[in-house]
Amino acid sequence: MARIVCLGEIMMRLSAEVGTRLNQASQLDVFYGGGEANVAVSLANYGHHVQYASKVADNAFGQAVERHLRSYGVATDFLLKEPGRLGTYYVEQGIGQKATKVVYDRQGSVFALMNELEWNLTELFAEVDVFHVSGITPALSEDWCQLTIQLMQAAKAVGCKVSFDSNYRQTLWTQQAAGAFLRKALPYVDYCSAGHMDAIHLLGIQEEAEADVTHYYQAMQKLFPNIEVFFSTKRTVHSTSVNELQGNLWIKGQCYTSKNYAIDPIVDRIGGGDAFTGGMLHGLLTAMNPQEAIEFATAAAVLKHFVKGDCNQYSEEEVRQFMNSDSAKISR
Ligand code: KDG
């Protein structure tokens, strides 16, 4: 199995139950999540050796984060602790026509305040196959924009593949700032989770009526010929509790598309994209053929919608059983 380092911020999530607004809640459920941490959990669930690098508050919440990660088999040798605060976010669950609402309270967290790399990079990337980071991390500060690129450069310098999920969060930065970062960072990336929305809105690729995702993968590949694979999901929203989800993978100039799933009902959609990226990396790292890899990643993303919390709760065997069953597919 592969050796992977995921790096980013992990937060405490406080969620109101479905049907309760945040401003009326008398109790909130506690989860822990972060884009890269959720990918780390997926990959550890599939049996890889995963280190999660981050900085958390040196208090009970930082201890809870560590316990959360370790309970899934994620190694925490590079989890720094410092007095201060853990980023927090609040969730008001969507239902019917009402979208899920996320409220961040993460400014001034010990991770967001970092302005230098406090890990020994030789140790961090020693014998590591893949370094994974997402667009949430550079969105936290100017310093994190630079640090993220430094991390990518250091990983590449020792022959480690770099995986990047664009994970655009509009409440953290503008499309212009994200686009400027992507142009600097993508030359270091090997595996890239980005789709047509990123191509159009972040990279400024001209929108073409009727064009399918292949058109946008081709355009992104021209800009960044170093990228070995692109992958993304296409979501068709019927209501906040019923969506269709389909995955696409672009590799060696060819596009592979998964089955199209109806997800009904959606229990918790947060982290679906991370489950997809985790599944995709697992497919790439275990040399699945491209069709099998995109089916696996998409099935993993769909399954995430059926469980509460930010991260995938399913083993490889369970994802395979689901992807081979007919239960959730839409026949067309
Ligand atoms: O992709 C899921 C993440 O968005 C969630 O776990 C929280 O990291 C998070 C963020 O910054 O939104």
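Residues numbered from 1 in each chain as written. Predicted model: local features only at pLDDT ≥ 70, side-chain atom pairs only at ≥ 80, totals over all residues. Heavy atoms only, no water.

J.: Whenever I open this one, the site of the ligand confuses me. Can you help?
T.: Around the ligand sit 14 residues, and of these Y104, R106, R169, D274 and D310 come closest. In the environment of the ligand, an oxygen atom lies 3.3 Å from a nitrogen or oxygen atom belonging to the backbone of G34. Side-chain polar atom of D310 to an oxygen atom of the ligand: 2.7 Å apart, as the coordinates give it. For the ligand, the accessible surface in isolation is 320 Å², of which the surrounding protein chains cover 94%. When its residues are assigned to classes, the shell around the ligand shows five nonpolar, five polar and four charged. (Near = heavy atom within 4 Å. Polar contact = N/O pair within 3.5 Å; in protein donor to acceptor, adjacent residues only side chain to side chain. Areas by Shrake-Rupley, 256 points an atom, 1.4 Å probe, with all protein chains shown as cover. Nonpolar A, V, L, I, M, F, W, Y, C, P; charged D, E, K, R; others polar.)

J.: Is there a simple way to think about the pairing of strand 11 (residues 229-239) in this case?
T.: Note on strand geometry: in a regular strand, side chains alternate between the two faces of the sheet. Note that strand 10 (residues 191-193) and strand 11 share three bridges and pair parallel. Of the residues in strand 11, the one forming a bridge with S193 is F231. Two elements, strand 11 and strand 12 (residues 242-251), share 10 bridges in a ladder whose sense is antiparallel. The residue bridging S232 from the neighbouring strand is N248, located in strand 12. Remark: two residues form the turn of the hairpin made by strand 11 and strand 12, two consecutive strands paired antiparallel. (Pairing = 2+ DSSP bridges. Helix = DSSP H or I, 4+ residues; strand = E, 2+ residues; numbered from the N terminus.)

J.: When you look at the state of the cysteines in this model, what are you seeing that I'm missing?
T.: Defined simply, a disulfide is a covalent bond joining two cysteines at their sulfur atoms. Applying the stated rule across the entire model yields zero disulfides. This cysteine, C145, is not joined by any disulfide, and C192 carries the nearest cysteine sulfur, 16 Å off. Classification of C145 as buried rests on a relative accessible area of 14%. The structure places no disulfide on C255, whose sulfur is separated from the nearest cysteine sulfur, that of C192, by 14 Å. (Disulfide = S-S within 2.5 Å. Buried < 20%, exposed > 50% of the residue type's maximum accessible area, 1.4 Å probe, protein only.)

J.: For this particular structure, what's the right way to read the packing of aromatic side chains?
T.: Per the stated rule, a full pass over the model turns up 11 aromatic pairs. Note on Y46 and F296: the rings are 5.2 Å apart at their centroids and 70° apart in plane angle, and the pair reads as edge-to-face. Taken together, the residues Y46 in the loop between helix 1 (35-45) and strand 4 (49-57) and F296 in helix 9 (residues 290-304) connect sequence positions 250 residues apart. The class of Y46 is buried, set by a relative accessible area of 3%. Put simply, the rings of F164, W173 and F181 pair up and form one aromatic cluster. Sitting above the plane of the Y104 ring, R106 keeps its charged end 4.6 Å from the centroid. (Phe/Tyr/Trp six-rings, centres within 6.5 Å; stacked < 30°, edge-to-face > 60°. Lys NZ or Arg CZ within 6 Å of the ring centre and 35° of its normal.)

J.: Mind showing me how you'd approach the pattern of salt bridges here?
T.: Two side chains carrying opposite charge are able to pair once their charged atoms lie near each other. Under the defined criterion, the tally for this structure stands at 14 salt bridges. The partner of K81 in a salt bridge is E66, and the shortest N-O contact between them spans 2.3 Å. Of this pair, K81 sits in strand 5 (residues 79-82) while E66 sits in helix 2 (residues 60-71), placing them 15 residues apart in sequence. By relative accessible area, E66 is classed as buried at 13%. D190 is paired through a salt bridge with K156; the nearest N and O atoms lie 2.9 Å apart. Of this pair, D190 sits in the loop between helix 5 (175-185) and strand 10 while K156 sits in helix 4 (residues 142-157), placing them 34 residues apart in sequence. (Salt bridge = Lys/Arg side-chain N within 4 Å of Asp/Glu carboxyl O.)

J.: Would you explain the layout of surface pockets in this entry?
T.: Summary: where empty space remains is shown by rolling a probe the size of a single water molecule over the atoms. Its boundaries defined by the atoms lining it, the second largest pocket holds a volume of some 190 Å³. Along the walls of the second largest pocket sit 13 residues, with E142, C145, W173, A177 and F181 positioned nearest its centre. Counting residues per element, the ones that place at least two in the lining of the second largest pocket are helix 4 and helix 5. (1 Å grid on protein atoms, 1.4 Å probe; cavity = no way out; pocket = protein on both sides within 12 Å on 5 of 7 lines; lining within 4 Å. Points joined across faces, edges and corners; volume = space filled by probe spheres on them.)

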